[in-house]
Amino acid sequence: MNEVYILISCPSHLPKEYQKILDARAVAYINVDRAGEGEIVMTLSPLLEQRALQTAKKVTAPQNISKTLYSMWKEKDSQQAGNQSNLSLFDRAGRGCFAFEYRIGVPCVDIAAFQPDQTSGNYPAHIPRRHSSETIKYYLTFAQLWLQMGFDIAGSVFTPFNVVRQAEAICRLVDDLSVKYSSLLRTNNITLEFLINATQELQAVANEFQRNLKTQDNKEHVVFSPTYFKSEAYTKFPGIMDSFYIANEQGKKKDWQRVQKQISVVIQAIRSAITILRP
């Protein structure tokens, strides 16, 4: 088991043929290798942050089954202001994620339990020889969290990645780089201006993309599904009306082209109905 684990998970041993398959087909990787009693922490890619929060709202907390894991996290954050949240960017995940996140770029979630005196360097976590009823509760929460997140990702109409959070994380990292090294770089005639401009453009495009994605939602009926942007004047033809709303607000040529595309979608649907009904 350990040899297989090393061959699959360690970056230096990831087989080339598996890397190509995973690079083409993998959507996300959920890793659990520190299951046990302690503070449950999810270390993850920014793309999956919102999905992780939504999943935590559906899973019971091991300390109190009348509360969700999400509500327990919120209580902890409010009581210990300034301490690290139970969600963190990908900087201390288990080794099982390294190859997937850093080598082939698959978004990852690492779910782990930490004791108060334990740091990310204490790997692997202590596994108790005897499993008490309290330990079993933690195992149950880990299983629910892992399975629920897998179901949520697999069952989404669209891949549930939040590109805004990813863009924000990249912008923060570039800002940190600028604060720490811009002076030294300028001394050597190197500028970060173009890198900063690129990340700012990425964030603007990500915001627009996420906004347009919301209008798609889970609507499938091109005529009777409700519109995303509420309008007292007209609430049918969601694709046409939502794209019209965006185009009317922003006035960009490509937005009006999207309106035309949505009209074409409705025309095609109606013509398909005509073909079926015609004797």
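Since we're looking at a predicted model, the values are computed, not measured. (Residues numbered from 1 in each chain as written. Predicted model: local features only at pLDDT ≥ 70, side-chain atom pairs only at ≥ 80, totals over all residues. Heavy atoms only, no water.)

Student: Can you explain the overall build of the protein? Please cite residues and give values.
Tutor: A count of helices and strands for the protein gives 10 helices and four strands. Taken from the N to the C terminus, the helices and strands of the protein come in the order α-α-β-β-α-α-β-α-β-α-α-α-α-α. Each of the 279 residues in the protein was classed as buried or not, and the buried ones make up 33%. The long-range share in the protein, meaning contacts at least 24 apart out of those at least 6 apart in sequence, stands at 68%. Accessible area of the protein: about 17,800 Å², with a carbon and sulfur share of 56%. (Helix = DSSP H or I, 4+ residues; strand = E, 2+ residues; numbered from the N terminus. Buried < 20%, exposed > 50% of the residue type's maximum accessible area, 1.4 Å probe, protein only. Contact = heavy atoms within 4.5 Å. Areas by Shrake-Rupley, 256 points an atom, 1.4 Å probe, with all protein chains shown as cover.)

Student: So, helix H3 (residues 49-56): which residues are in play, and what are the values?
Tutor: H3 sits mainly inside the fold: six of its eight residues count as buried. Within H3, the full set of buried residues consists of Glu 49, Arg 51, Ala 52, Leu 53, Thr 55 and Ala 56.

Student: Account for the packing of aromatic side chains, with residues named and values stated.
Tutor: The relation between two aromatic rings is expressed through the spacing of the ring centres and the mutual angle of the planes. Within the structure shown, the criterion is met by one aromatic pair. Seen from their ring centres, Phe 244 and Trp 256 are 5.7 Å apart, and the 75° between their planes marks the pair as edge-to-face. With Phe 244 in helix H9 (residues 238-250) and Trp 256 in helix H10 (residues 253-277), this residue pair connects regions lying 12 residues apart in the sequence. Accessibility expressed as a relative area gives 35% for Phe 244, which makes it partly exposed. The aromatic ring of Tyr 70 is capped on one face by Lys 57, whose charged end is 4.8 Å from the ring centroid. (Phe/Tyr/Trp six-rings, centres within 6.5 Å; stacked < 30°, edge-to-face > 60°. Lys NZ or Arg CZ within 6 Å of the ring centre and 35° of its normal.)

Student: Give a detailed account of the nonpolar core, specifying residues and quantitative values.
Tutor: Looking at soluble globular proteins, one finds that nonpolar side chains tend to be buried together. Ile 40, Met 42, Val 109, Ile 111, Leu 145 and Met 149 are the most contacted members of the largest nonpolar core, which totals 18 residues. When contributions to this core are tallied by element, the ones reaching two or more residues are strand S2 (39-44), H3, helix H4 (69-79), strand S4 (108-114) and helix H6 (133-155). If you tally residues by element for this core, the top one is H6, at five residues. Cys 97, Phe 100, Val 106 and Cys 108 belong to the second largest nonpolar core, which has five residues in total. (Core = buried A, V, L, I, M, F, W, Y, C linked by side-chain atoms within 4.5 Å.)

Student: Could you give an account of the side chain of Asp 110, naming the residues involved and the relevant values?
Tutor: Mapped onto the elements of the fold, Asp 110 is located in strand S4. A polar atom in the side chain of Asp 110 sits 2.6 Å from the side chain of Asn 31. (Polar contact = N/O pair within 3.5 Å; in protein donor to acceptor, adjacent residues only side chain to side chain.)

Student: I'd like a rundown of the packing of H3 against H6, residues and numbers included.
Tutor: Here H3 crosses H6 at 125°, and the two axes come no closer than 10 Å. Viewed along their axes, H3 and H6 adopt a mutual orientation that is oblique. Crossing geometry of H3 relative to H6 is assigned as right-handed. Within the contact between the two elements, H3 uses Arg 51, Ala 52, Thr 55 and Ala 56 and H6 uses Leu 145, Gln 148, Met 149, Asp 152 and Ile 153. When grouped by side-chain class, the residues that make up the contact of H3 with H6 number five nonpolar, two polar and two charged. (Axes fitted to C-alpha atoms, helices over the stretch in contact; angles between N-to-C directions. Parallel < 35°, antiparallel > 145°, perpendicular 65-115°, else oblique. Left-handed = near helix turned anticlockwise from the far one by under 90°. Nonpolar A, V, L, I, M, F, W, Y, C, P; charged D, E, K, R; others polar.)

Student: An account of the environment of Val 41 is requested, with residue identities and associated values reported.
Tutor: Along the chain, Val 41 turns up in strand S2. Val 41 sits in the buried class, given a relative accessible area of 5%. Along the backbone, Val 41 and Asp 110 are 69 residues apart, and their C-alpha atoms lie at a distance of 8.1 Å.

Student: I'd love a proper account of the pattern of salt bridges, names of residues and values included.
Tutor: Working definition: two side chains of opposite charge can pair if their charged atoms are close together. Per the stated rule, a full pass over the model turns up seven salt bridges. For Arg 165, the salt bridge is made with Glu 49, and the minimal N-O distance between the two is 3.0 Å. Placement of the pair is Arg 165 in helix H7 (residues 163-187) and Glu 49 in helix H3, with a sequence separation of 116 residues. What makes Arg 165 partly exposed here is its relative accessible area of 23%. The exposure class assigned to Glu 49 is buried, which follows from its relative accessible area of 16%. (Salt bridge = Lys/Arg side-chain N within 4 Å of Asp/Glu carboxyl O.)

Student: Outline H6, supporting the account with residue identities and numerical values.
Tutor: The end-to-end C-alpha separation of H6 is 32 Å, in line with the 33 Å expected for 23 residues at 1.5 Å each. Among the residues of H6, those classed as buried are Thr 135, Tyr 138, Thr 141, Phe 142, Leu 145, Met 149, Asp 152 and Ile 153. (Expected span 1.5 Å × (residues − 1).)

Student: Run through the confidence of the model for the protein, naming residues and quoting values.
Tutor: Detail in the predicted coordinates should be disregarded across regions flagged by low pLDDT. Taken as a whole, the protein shows an average pLDDT of 77; of its residues, 75% reach a score of 70 or greater. Between residues 1-12, whose pLDDT stays under 50, and residues either more than four places distant or in other chains, the model counts 20 contacts. For residues 120-126, every residue scores under 50 in pLDDT, and the model assigns this stretch 13 contacts once sequence neighbours within four places are set aside. (pLDDT = per-residue confidence, 0-100.)

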